[in-house]
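Given next are the chains, with one letter for each unit.
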Amino acid sequence: PEGWAPAPDPVGAARRLADLYQRREIARVLERLGRDLYGDAPAADLLTALEEEAARVQAAVREVAAGRLLWAEGLVDRVLEEVGARYAQRQETGKPVLGLDTGIPRLNDLLGGLRDGGLYILAGPPGAGKTSLALQLASRAALQVPVLYVTFENSPGNLVLKALCRLAEVPPANAERSLVDPARLRGAASDFRAQAARLAFLEGTARTTVAQVRARALQAMARHRAERCLVVVDYLQRMAHGRGYTDLRANVSALVGELTDLARRLNSPVLALSSLSRGGYQGGEGKA
């Protein structure tokens, strides 16, 4: 408008506005929680609400950032910095891992680790060990970043048992049949605690949405003050029901698109398990 002068530092002004927006949202959250302090809600519920609201504010800011133009000129220095960091890591460790270390050298060589913003599909027939492998990758990643494991079939307790049995080198079925000495699992538990502190489970239902998964992922990142995380979805077909299509393949395709967007928005890897019929896995026409 006439009489208005451009900001001397437009980028700085934009950052200031974003900061003021976040402060306003935080003030609103604190005001509401301040009123709730005088209610009957348990303190644990208030803390959970505070974490969820903080994650919502972060998600809102990320939504704004995702819609802006990114000029190549402003990305050059950041790209060069990332390349330099990767090169320095290779020189120091001798490992060319670019993303999260999977703990499997050959897989690291093939994928370059689980890279930020990437969607990875682990597919196989029932009983092939997809969950066991995904849990192994999640446990390894939890040594580096927070991990959100969305499970639609196994209970969180059962998944923890599988993780302990893998470390103790005993079959989970034997532990379930009371054939394993608990002392052996206690020893594995002491090794697992460092990973368990960063490994969170979310029990999926028919109403679980990608937006809810993103909110929980942001909550985990905020808890550990991390810039990225790993999200595991176990598995695609169970979560795909509710995408609005009558055909399962169309539902899965729509969900894959949403998970791809989730990985990009979180700037984090997403690992999704996909169950194939035995006929499809062997070359038949099996369904998705």
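The shown structure was predicted, so the numbers you read here are calculated from the model rather than taken from an experiment.

Draft legend 1. Layout of helix α3 (residues 72-93). Counted at 1.5 Å a residue, the expected span for α3 with its 22 residues is 32 Å, and the 31 Å between its end C-alpha atoms agrees. Within two residues after α3, Gly 94 carries a phi angle of roughly 75 degrees, on the positive side.

Draft legend 2. How the structure looks around the sheet that holds strand β1 (residues 119-124). Pairing in this open sheet of five strands is parallel, and the strands run β1-β5-β4-β2-β3 from one edge to the other. For this open sheet the edge positions go to β1 and β3 (199-203), each flanked by a neighbour on one side alone. Ignoring which end each strand starts from, the neighbouring axes of this sheet average 20 degrees apart. Inspection of the sheet shows strand β4 (residues 230-234) paired to strand β5 (residues 270-275) by three bridges, in the parallel sense. Within β5, the position partnered with Val 231 by the bridge is Val 270. Strands in contact with helix α5 (residues 130-141) are β1, β2 (147-151), β3, β4 and β5; relative to β5, the strand with the most contacts, it is inclined by about 170 degrees.

Draft legend 3. Spotlight on the packing of helix α9 (residues 210-224) against helix α11 (residues 248-266). Packing of α9 against α11 leaves a shortest axis separation of 11 Å and a crossing angle of 25 degrees. Taken as axis vectors, α9 and α11 run roughly parallel relative to one another. Of the two elements, α9 crosses α11, and the hand of that crossing is right-handed. Of the residues in α11, those in contact with Val 210, Val 213, Arg 214, Ala 217, Leu 218 and Met 221 of α9 are Leu 255, Glu 258, Leu 259, Leu 262, Arg 265 and Leu 266. Its residues placed into classes, the contact of α9 with α11 shows nine nonpolar, no polar and three charged.

Draft legend 4. Here's a closer look at the pattern of salt bridges. Per the counting criterion, the structure on display carries 11 salt bridges. In this structure, Asp 36 and Arg 32 form a salt bridge, with 3.2 Å as the shortest nitrogen-oxygen distance. Of the two residues, Asp 36 and Arg 32 both sit in helix α1 (residues 10-36), four residues apart, roughly one turn of that helix. In this structure Asp 36 comes out as partly exposed when scored by relative accessible area, which is 26%. With a closest N to O distance of 3.9 Å, Glu 153 and Arg 238 form a salt bridge. Of this pair, Glu 153 sits in the loop between β2 and α6 (156-168) while Arg 238 sits in helix α10 (residues 236-240); the two residues are 85 residues apart in sequence, bridging distant segments of the chain.

Draft legend 5. A look at the environment of Ala 141. Mapped onto the elements of the fold, Ala 141 is located in helix α5. Residue class for Ala 141 comes out buried when judged on its relative accessible area of 1%. Separated by 89 residues in the primary sequence, Ala 141 and Leu 230 place their C-alpha atoms 7.2 Å from one another. Each residue touching Ala 141, except ones within four places of it in the same chain, is listed here: Leu 100, Val 147 and Leu 230.

Reading guide: rules and limits
Residues numbered from 1 in each chain as written. Predicted model: local features only at pLDDT ≥ 70, side-chain atom pairs only at ≥ 80, totals over all residues. Heavy atoms only, no water. Helix = DSSP H or I, 4+ residues; strand = E, 2+ residues; numbered from the N terminus. Expected span 1.5 Å × (residues − 1). Pairing = 2+ DSSP bridges. Axes fitted to C-alpha atoms, helices over the stretch in contact; angles between N-to-C directions. Contact = heavy atoms within 4.5 Å. Parallel < 35°, antiparallel > 145°, perpendicular 65-115°, else oblique. Left-handed = near helix turned anticlockwise from the far one by under 90°. Nonpolar A, V, L, I, M, F, W, Y, C, P; charged D, E, K, R; others polar. Salt bridge = Lys/Arg side-chain N within 4 Å of Asp/Glu carboxyl O. Buried < 20%, exposed > 50% of the residue type's maximum accessible area, 1.4 Å probe, protein only.

Purely geometric stuff here, so don't read any function into it on its own.
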